[in-house]
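# An overview of the molecular structure
Here is how the chains run, residue by residue.
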Amino acid sequence: MTFTGKPIGALGRCLVFTVATFVPGFAAALDVSLSAPGAPKELVNRLEETSSVFTADSRGLDTSIEVLSAALSDYRTIVQIMYDEGYFSPVVSIKLDGQEAAKINTLEAPAQYKTATILVTPGPTFTFGEAILAPVAPDTVVPEEFATGKRATTGAIQQAASAGVQGWRNAGHAKAEVEGQRIIARHAQARLDADIELSPGPRLTFGKMIIEGDSRVRHRSIEKIAGFPTGEVYSPEQVQKVGTRLRRTGTFSVVSLTEAETPNPDGTLDFTATFEDLPPRRLTFGAEIASRDGLDLSATWTHRNVFRRAERLRFEATLRNIGGAENLDGRIGLRLDQPDRLGPDDNTFWSALLERRNTENYNVTLASVTYGARRTFSDRLYAEASFGFQYSDADDAFGSGRKFRYLVLPVRSEWDQRDSKVSATRGYYLDSQVMPFAGLSETDSGIRLFFDGRAYNDLGTNGRLVLAGRIQIGSVLGPSLDGVTPDFLFFSGGAGTVRGQPFESLGIPIGTGVVGGKSFVGLSAEVRGKVTDALSLVGFYDFGVVDTSSFVGSGAEQHSGAGLGVRYDLGGFGPLRFDLALPVQGTTGDGLQFYLGIGQAF
């Protein structure tokens, strides 16, 4: 007996009931073959990967009744695959020990089967005759595959139906659906006629958002953060925005927005919002080691929903230069984000910082406190601005105990189009910072600028070979070199700028010391190649320039470094990074440098 596939109607169903008799003991390995004369190799591979009989051994199907049940289910599976590929008159034969599986009585199955032979006769490939989708909403993009003369597949039909429904939903018809479909296979002409009828339903507007679940966040805060568009015309994009805004707070593990089954009589559509909270506290640790700079340790402690308004309190601490050439230093920072103070895409924040930096060229103690606001334009673009006070007490080549007091107005925007934050293979990243500062108590005023741009290209290798480039540009406008706190100036050297050169080793010579420059340009290039799925090798070259003026000139101090690195992928944490680098240009280098950390260098 053979099974001949015929197109299945929209309401057609085929249920096969089998009575299983378990046979004790273990069967020998089943000898299986599958052939589909005239079918493309890719289709044959798909059949082999999907067939329950062909993969019986790997699936652990040991008994004869299991093999027979797999064969009976394979008839339907194989026919559906053939439909998917445009073959609407296939003939499928599955024989167990020479007997057609469909004719075997399940109650009389032998102790075991030795051979299974699957023969698929594809028949001709079908093309679309009629390909009708109606009515269609304005601006609906119907798949190119669903058209007269194109190869007919069930996938093309399904995609066309989905596109038609989505087009009406985008136009405000939330309850659009497929009203009916007429599929006719004309075997003599190898043609498939498909007529899909859509039912748009009424155009609806957003009604109420009904909050459910046991979240500890106040309902009023949820409503303000969500910005639910009550009264506006229904839009799937708006629904997605509401969910994104709520997830962005970092407070919820689950955010579910479910539209009501039936619209209200006034043409509005209500939604039910269900939430589950994340654990309120989170603790993270980090470490990075370099040959000369020693070990850096960092930790963050985050408290979510502190005052039941989806706030996020973040405390960070860093200890640097453990075992390094410089004295021990570190920082303590605090930030409180308040997402329900302004509009749905805005939040306010408080931040405070206390830091001590001990370097070869300067020591500085600084403290700052700021209050600001952040605007999130999308998941990939944000901007923030704050206003605050900063105090610095510095020792450098210009003298000891130099004190600086500023009112600062830092503005920052970040645009992240990378495919991965921890190990990008495509896209780009742009970070722009502008900080006007007004000096108090005879401290000079000015503006500090900084830009960090990164780009990635995998040359069409699906991430196996990646070219990565980075440019950093910094400038201080206004005060003289000795009239600004050293932490506003720019140095070059170390893991974040030029590997192979000691940390902040390049600056401006002043007497017997070195100070930072008022301008800086850093360039980095990497070639990353995968050896295995987890292991990669990296070659890199870094170049840095520092100058006394606000813009880099021809007489600027410069140096460079190059080296090789190894990356081992740790999954979502990013790769474990180990780099070895040597100085190439400049007089600041002093031999081999190594760097160990988690995540790509940039």
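See the structure above.
This section reports on the structure supplied with the text. (Residues numbered from 1 in each chain as written. Predicted model: local features only at pLDDT ≥ 70, side-chain atom pairs only at ≥ 80, totals over all residues. Heavy atoms only, no water.)

### With respect to the overall build of the protein chain
In terms of helices and strands, the protein chain carries six helices and 30 strands. Per-residue burial over the protein chain gives 42% buried out of 602 residues. Pairs at least 24 apart in sequence give 58% of the contacts found in the protein chain among residues at least 6 apart. When the accessible surface of the protein chain is totalled, it reaches about 29,600 Å², and 56% of it is carbon and sulfur. Counting 60 positive and 70 negative side-chain charges, the protein chain places the averaged centre of each group 3 Å from the other. (Helix = DSSP H or I, 4+ residues; strand = E, 2+ residues; numbered from the N terminus. Buried < 20%, exposed > 50% of the residue type's maximum accessible area, 1.4 Å probe, protein only. Contact = heavy atoms within 4.5 Å. Areas by Shrake-Rupley, 256 points an atom, 1.4 Å probe, with all protein chains shown as cover. Lys, Arg positive; Asp, Glu negative; His and termini not counted. Charge placed at Lys NZ, Arg CZ, Asp CG, Glu CD.)

### Some remarks on the pattern of salt bridges
For the coordinates displayed, the defined rule picks out 39 salt bridges. R320 serves as the salt-bridge partner of D329, at 3.0 Å between the closest nitrogen and oxygen. Like R320, D329 is buried. Residues E384 and R335 are paired through a salt bridge, measuring 3.3 Å at the closest nitrogen-oxygen approach. Of this pair, E384 sits in strand β18 (residues 381-396) while R335 sits in strand β15 (residues 329-338), placing them 49 residues apart in sequence. In this structure E384 comes out as buried when scored by relative accessible area, which is 15%. The exposure class of R335 is partly exposed, given its relative accessible area of 22%. By sharing partners, the salt bridges in this structure join R314, E316, R320, D329, R331, E355 and R357 into a single network. (Salt bridge = Lys/Arg side-chain N within 4 Å of Asp/Glu carboxyl O.)

### A closer look at the packing of helix α5 (residues 219-226) against helix α6 (residues 236-248)
Their axes nearest at 8 Å, the elements α5 and α6 cross at an angle of 125 degrees. It follows from the interaxial angle that α5 and α6 lie oblique. Between α5 and α6 lies a crossing of right-handed hand. For the pair formed by α5 and α6, the contact residues are I222, I225 and A226 on the first element and V242, R245 and L246 on the second. Among the residues forming the contact of α5 with α6, the class breakdown is five nonpolar, no polar and one charged. (Axes fitted to C-alpha atoms, helices over the stretch in contact; angles between N-to-C directions. Parallel < 35°, antiparallel > 145°, perpendicular 65-115°, else oblique. Left-handed = near helix turned anticlockwise from the far one by under 90°. Nonpolar A, V, L, I, M, F, W, Y, C, P; charged D, E, K, R; others polar.)

### Examining helix α1 (residues 41-50)
Buried within α1 we find L43, V44 and L47. For α1, the angular spread of buried residues about the axis comes to 100 degrees, placing them on one side. Turned more than 90 degrees off the buried face of α1, the exposed positions are K41, E42 and E49. The elements touched by buried residues of α1 are β2 (31-35), α3 (64-84) and β5 (115-121). (Arc of directions from axis to C-beta.)

### Comments concerning the sheet that holds strand β9 (residues 205-213)
The pairing of strands in a sheet comes from backbone hydrogen bonds and takes either a parallel or an antiparallel form. Spatial ordering of the open sheet is given by β9-β11-β10, a layout of three strands whose pairing is mixed. Single-partner strands in this sheet number two, and they are β9 and β10 (252-259). The mean angle between the axes of side-by-side strands here comes to 20 degrees, regardless of whether they run parallel or antiparallel. Across seven bridges, the pairing between β10 and strand β11 (residues 268-277) is antiparallel. Its bridge partner lying in β11, S256 is registered against T274. The strands that α6 touches are β9, β10 and β11; relative to β10, the one it contacts most, it runs at about 160 degrees. (Pairing = 2+ DSSP bridges.)

### Comments concerning the sheet that holds strand β7 (residues 177-186)
The strand order across the open sheet built from three strands is β6-β8-β7, with neighbouring strands paired in mixed fashion. What marks the edges here is a single partner per strand, and that holds for β6 (127-134) and β7. Neighbour-to-neighbour, the strand axes of this sheet turn through a mean angle of 10 degrees, independent of strand direction. Strand direction decides the pairing type here: β7 and strand β8 (residues 191-199), joined by nine bridges, are antiparallel. Looking at β8, one finds that R186 is bridged to R191. On the sheet, helix α4 (residues 154-170) packs against β6, β7 and β8 and is oriented at approximately 20 degrees with respect to β8.

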